[in-house]
Amino acid sequence: MIKLTQLSKSFGRHQVLNQIDLEVSKGEVVVILGPSGSGKTTLLRCVNVLEKPSGGEISIGDFKLDFRHARKKDIHQLRQKTAMVFQQYNLFRHKTALENVMEGLLIVKKLPKEAAREKSIALLEKVGLGSKLDAYPSQLSGGQQQRVGIARALALEPEVILFDEPTSALDPELVGEVLAVIRKIAKEGITMIVVTHEMGFARDVANHVVFMDGGVIVEEGTPTEVFNHPREERTKQFLKRITPELNYSI
Ligand SMILES: Nc1ncnc2c1ncn2[C@@H]1O[C@H](COP(=O)(O)OP(=O)(O)OP(=O)(O)O)[C@@H](O)[C@H]1O
Ligand SMILES: [Mg+2]
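As the structure is a computational prediction, the values presented were derived from the model and not from experiment.

Student: With reference to specific residues and values, describe the packing of aromatic side chains.
Tutor: Applying the stated criterion across every chain yields a total of 1 aromatic pair. Both rings, one in Phe211 and one in Phe238, keep their centres 5.1 Å apart while their planes meet at 40°; by these two values the pair is tilted. Taken together, the positions of Phe211 in strand E9 (residues 208–213) and Phe238 in helix H9 (residues 233–242) put the pair 27 residues apart, joining distant regions of the chain. Per residue, the accessibility class of Phe211 equals that of Phe238, and both read buried. The ring centre of Phe92 lies 5.9 Å from the NZ or CZ of Lys95, which sits over that ring.

Student: Explain the site of ligand 1 residue by residue, including any values.
Tutor: Inspection of the region around ligand 1 gives Phe11, His14, Val16, Pro35, Ser36, Gly37, Ser38, Gly39, Lys40, Thr41, Thr42 and Glu165 as its neighbouring residues. Between an oxygen atom of ligand 1 and a main-chain N or O atom of Gly37, the distance comes to 2.8 Å. Between ligand 1 and Ser38, the relevant distance is 3.2 Å, taken from an oxygen atom to a main-chain nitrogen or oxygen of the residue. Computed on the free molecule, ligand 1 has an accessible area of 630 Å², of which 60% lies beneath the protein chains in the complex. Of all elements in the fold, only strand E2 (14–24) and helix H1 (40–47) reach the threshold of two or more residues within the shell around ligand 1. Ranked by residues supplied to the shell around ligand 1, first place goes to H1 with 3 residues. Residues belonging to the shell around ligand 1 are distributed by class as follows: 3 nonpolar, 7 polar and 2 charged.

Student: Talk me through helix H2 (residues 72–79); I want residue IDs and the actual numbers.
Tutor: Given 3.6 residues per turn, any residue in an α-helix points the same way as the ones three and four places further on. Those residues of H2 that fall on the buried side of the exposure criterion are Asp74, Ile75 and Leu78. Across the axial projection of H2, the buried residues extend over an arc of 100°, all falling on one side. H2 presents Lys72 and Lys73 as exposed residues on the side facing more than 90 degrees away from its buried surface.

Student: If you had to explain the pairing of strand E4 (residues 55–60) to someone new, which residues and values would you point to?
Tutor: With 5 of 6 residues buried, E4 lies mostly within the body of the structure. The pairing of strand E1 (residues 2–11) with E4 spans 5 bridges and is classified as antiparallel. If you follow Lys3 over to E4, its bridge partner there is Ser59. Linking two consecutive strands that pair antiparallel, namely E4 and strand E5 (residues 63–66), is a turn of 2 residues; a positive phi of about 60° is found at Gly61 within it.

Reading the values: rules and limits
Residues numbered from 1 in each chain as written. Chains lettered and ligands numbered in written order. Predicted model: local features only at pLDDT ≥ 70, side-chain atom pairs only at ≥ 80, totals over all residues. Heavy atoms only, no water. Phe/Tyr/Trp six-rings, centres within 6.5 Å; stacked < 30°, edge-to-face > 60°. Helix = DSSP H or I, 4+ residues; strand = E, 2+ residues; numbered from the N terminus. Buried < 20%, exposed > 50% of the residue type's maximum accessible area, 1.4 Å probe, protein only. Lys NZ or Arg CZ within 6 Å of the ring centre and 35° of its normal. Near = heavy atom within 4 Å. Polar contact = N/O pair within 3.5 Å; in protein donor to acceptor, adjacent residues only side chain to side chain. Areas by Shrake-Rupley, 256 points an atom, 1.4 Å probe, with all protein chains shown as cover. Nonpolar A, V, L, I, M, F, W, Y, C, P; charged D, E, K, R; others polar. Arc of directions from axis to C-beta. Pairing = 2+ DSSP bridges.

The structure is reproduced here in structure tokens:
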């Protein structure tokens, strides 16, 4: 289980996350929604410790870290329990699809080259890229690059995969293939926290939906609770804006 306790982050005087409490059970898919600037990316970056939280705790399994006195070694250990899939894919441009996936296995997991290669090929096959092993990112579509990003995250066997708007940089016709891969791995019971505006996907795949605004969790619940029976005015307004065809006047 992953547990965030009173997690806060400020940039200078600007408090971007304000005492976030969140629990994610093993195998659960949590979707985070919220307007631009509400702190969604910052939250994921704090869980991945790409940003160091200003305060609060993160526990993943039996590992618990209080950021008021976190040492470098602890941060390193926590970082290894998570993997991130970025909006802009963030692949190494000068490495092939296969080398991109192998990188973490060689450097982080310290696997021998042949084992890393075999595992990476299997993962690329899993995301439907068995025929693109030697392609460079510039030779791949956005959807294919993102699927390499997903294979790379899976390779690390993290306790949780964090997705930051994984389809929002894609042309509409490529969104489906990436969501299909995420759906497939969700079914395998991998714990995920997904920031997305894909409401259909969120309804289908999420076990739990969190709506954030202004650095706090305004409302959370099952997809049915949040999408069909939002309680908070801010949630209703947000949902109305992004899915105007639905009527949230309830
Ligand atoms: N490195 C940084 N330095 C200073 N301020 C930052 C930094 N990163 C984020 N912020 C600020 O934190 C706030 C939250 O940003 P964040 O990127 O987390 O929002 P978001 O919910 O992911 O938005 P979007 O939907 O546009 O991606 C914004 O006001 C942003 O300007
Ligand atoms: Mg963001």
